[in-house]
Amino acid sequence: MMSGKRTLLIASGAALALLLAAAALWHFGGSNAARMAGAAPSRCLPAEADAGPGGMVWVPPGRFAMGDTVYPEERSFRDVSVEGFWMDRTEVTNRDFAAFVAATGHVTVAERPVDPALHPHLPPDMRKPGAVVFIMPNDVDGMGDISQWWQYVPGANWRHPGGPGTSIENRDDFPVTAIALEDARAYASWKGHRLPSEAEWEWAARAADPDAPPAHERPTEANTWQGLFPVVNTAEDGFVGIAPVGCFEPNALGLYDMIGNLWEWTDDAWEGRADAHVIKGGSWLCAPNYCMRYRPGARQPQELDLATSHLGFRTIRPAPGPGDAP
Ligand SMILES: [Ca+2]
């Protein structure tokens, strides 16, 4: 998703009926999901995995060459050093976020009307509270117009990630979605944590290995998209849509789903843009034919106040060392 998508994603009245029908399909994940319904788990990590030092993993300090060579935005390698920190073992789940909302009364950005001062040219429908939702099209006319598979859905938010009529019932262990930067920061602050910088995130995704070889092939231990995006989703990895956290093998540090499932917010602004931050890790929508961003070095800009169905987050906690468990 690139800048200016708000203006691209204009839902016409005629499209709305289609959109609502498709949102219902999204909830069930389309025909592939119907075929696979019952096979997909609602939880992957054992209950006892919630125990331990705050569900966090120690990421040791180090120095590495940050970046990759696949897309232009990632090609400026630079040496960076990071201090050690604790990092959430998984993406923040619906259960985690519900506890935060219950404790604080936080209302997410997607649940509030869009600020017309920030977006003066939006049509009225797009000023309603909502989020951008991936809706699998039957066909596409080229790949230039992302509104063929992304729609702004009024009423979509973390409790109703596909829009009205969808819910997070039985999805406690799924990562929370439809989260704007402000929401992610508020959650992190409530926990006494913060969001990772891009360098911290990438270092953790590389499992703190400065010599990790570039991983350009589609990873097998990650929820990505198999088939021709966005019209064929073969779900060979077992998941048509988003997976519960921790369904794939963790990296060498014990961090789950750093690659795939959901993009994750970082606390770094996108260079030259006041309205966007860097997101990392790719998502369940990343496919070789369209978005090979299932790599630690991959990156993308995301508008700060735009919640989407492929973006979540995890938090970190700087600490003196592994003996100082969070
Ligand atoms: Ca998948």
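Values in this document were obtained by computation on a predicted structure and should not be read as measured data.

J.: So what's going on with the overall build of the protein? Which residues, and what values?
T.: Helix and strand counts for the protein stand at six helices and 11 strands. Relative to its 326 residues, the protein shows a buried fraction of 44%. Partitioning the contacts of the protein with sequence separation of at least 6, the portion at a separation of at least 24 is 72%.

J.: Describe the pairing of strand 6 (residues 150-154), listing the residues and the values that go with them.
T.: Successive residues of a regular strand alternate their side chains across the two faces of the sheet. Of all the five residues making up strand 6, four are buried; the element is thus mostly covered by neighbouring parts of the structure. As paired strands, strand 5 (residues 130-134) and strand 6 are joined by five bridges and run antiparallel to one another. Bridging across to strand 6, glycine 130 finds its partner in proline 154.

J.: Outline helix 4 (residues 94-104), listing residues and values.
T.: All of the buried residues along helix 4 are Asn94, Asp96, Phe97 and Val101. Viewed along the axis of helix 4, the buried residues span an arc of 160°, placing them on a single side of the element. Away from the buried face of helix 4 by more than 90 degrees, exposed residues Ala102 and Ala103 are located. The secondary structure elements touched by the buried residues of helix 4 are helix 5 (181-191). Glycine 105, located one to two residues past helix 4, shows a positive phi value of around 75°.

J.: Which residues make up the sheet that holds strand 1 (residues 56-59), and what values go with them?
T.: Spatially, the three strands line up as an open sheet ordered 1-4-11, and their pairing is antiparallel. The open sheet terminates on both sides in strands that have one partner only, identified here as strand 1 and strand 11 (316-318). Adjacent strand axes in the sheet meet at a mean angle of 25° when their direction is disregarded.

J.: Report on the sheet that holds strand 9 (residues 300-303), specifying residues and quantitative values.
T.: Taken in spatial order, the four strands make up an open sheet running 9-8-7-10, and their pairing is mixed. What marks the edges here is a single partner per strand, and that holds for strand 9 and strand 10 (311-312). Strand direction decides the pairing type here: strand 7 (residues 263-269) and strand 8 (residues 276-280), joined by three bridges, are antiparallel. Note on strand 8: the bridge partner recorded for tryptophan 265 is isoleucine 279.

J.: Explain the confidence of the model for the protein to me, using residue names and the numbers behind them.
T.: Taken over all residues, the pLDDT of the protein has a mean of 87, while the share at 70 or more is 86%. A low-confidence stretch, residues 1-38 (pLDDT under 50), is modelled with 62 contacts involving residues beyond four sequence positions or located in other chains.

J.: Outline unusual backbone geometry, listing residues and values.
T.: Cis rather than trans, the peptide bond between phenylalanine 229 and proline 230 has omega equal to 0°. Within the fold, proline 230 resides in the loop between helix 6 (198-205) and strand 7. Despite not being glycine, asparagine 170 shows a phi value in the positive range, around 60°. Note that asparagine 170 resides in the loop between strand 6 and helix 5. According to the C-beta neighbour criterion, asparagine 170 is exposed, with 10 such atoms within 10 Å. At aspartate 257, a position not held by glycine, the phi torsion is positive, near 55°. Inspection of the secondary structure puts aspartate 257 in the loop between helix 6 and strand 7.

J.: Can you break down the environment of proline 175 residue by residue, with the values?
T.: Relative to the assigned elements, proline 175 resides in the loop between strand 6 and helix 5. Of the residues examined, proline 175 has 26 C-beta atoms within 10 Å and is grouped as buried. Proline 175 sits 137 residues away from glycine 312 along the chain, and the two C-alpha atoms are 6.7 Å apart.

J.: How would you explain the nonpolar core if you had to name every residue and give the values?
T.: Counting 71 residues, the largest nonpolar core has Met87, Ala110, Ala131, Ile179, Ala184, Ala204 and Ala307 as the members making the most contacts within it. With residues up to four places along the chain from it excluded, the contact list for isoleucine 179 reads Thr108, Trp158, Ala184, Ala307, Leu311, Gly312 and Phe313.

J.: Describe helix 5, and please don't skip the residues or the numbers.
T.: Listing the buried residues of helix 5 in full gives Leu181, Asp183, Ala184, Tyr187 and Ala188. The arc that holds every buried residue of helix 5, seen down its axis, measures 165°, which confines them to one face. Buried residues belonging to helix 5 abut helix 4, strand 7 and strand 8. Positioned one or two residues after helix 5, glycine 192 has a phi angle of 80°, which is positive.

J.: Go over the environment of cysteine 291, please, and point to the residues and values.
T.: With respect to the helices, strands and loops of the structure, cysteine 291 is situated in the loop between strand 8 and strand 9. Sequence separation of cysteine 291 and tryptophan 225 is 66 residues, and the distance between their C-alpha atoms is 9.6 Å. Setting aside its immediate chain neighbours within four residues, cysteine 291 contacts Gly282, Leu285 and Cys286.

What counts and what doesn't
- Residues numbered from 1 in each chain as written.
- Predicted model: local features only at pLDDT ≥ 70, side-chain atom pairs only at ≥ 80, totals over all residues.
- Helix = DSSP H or I, 4+ residues; strand = E, 2+ residues; numbered from the N terminus.
- Buried ≥ 20, exposed ≤ 12 C-beta atoms within 10 Å, placed from the backbone.
- Contact = placed C-beta atoms within 7 Å.
- Pairing = 2+ DSSP bridges.
- Arc of directions from axis to C-beta.
- Axes fitted to C-alpha atoms, helices over the stretch in contact; angles between N-to-C directions.
- pLDDT = per-residue confidence, 0-100.
- Core = buried A, V, L, I, M, F, W, Y, C linked by C-beta atoms within 7 Å.

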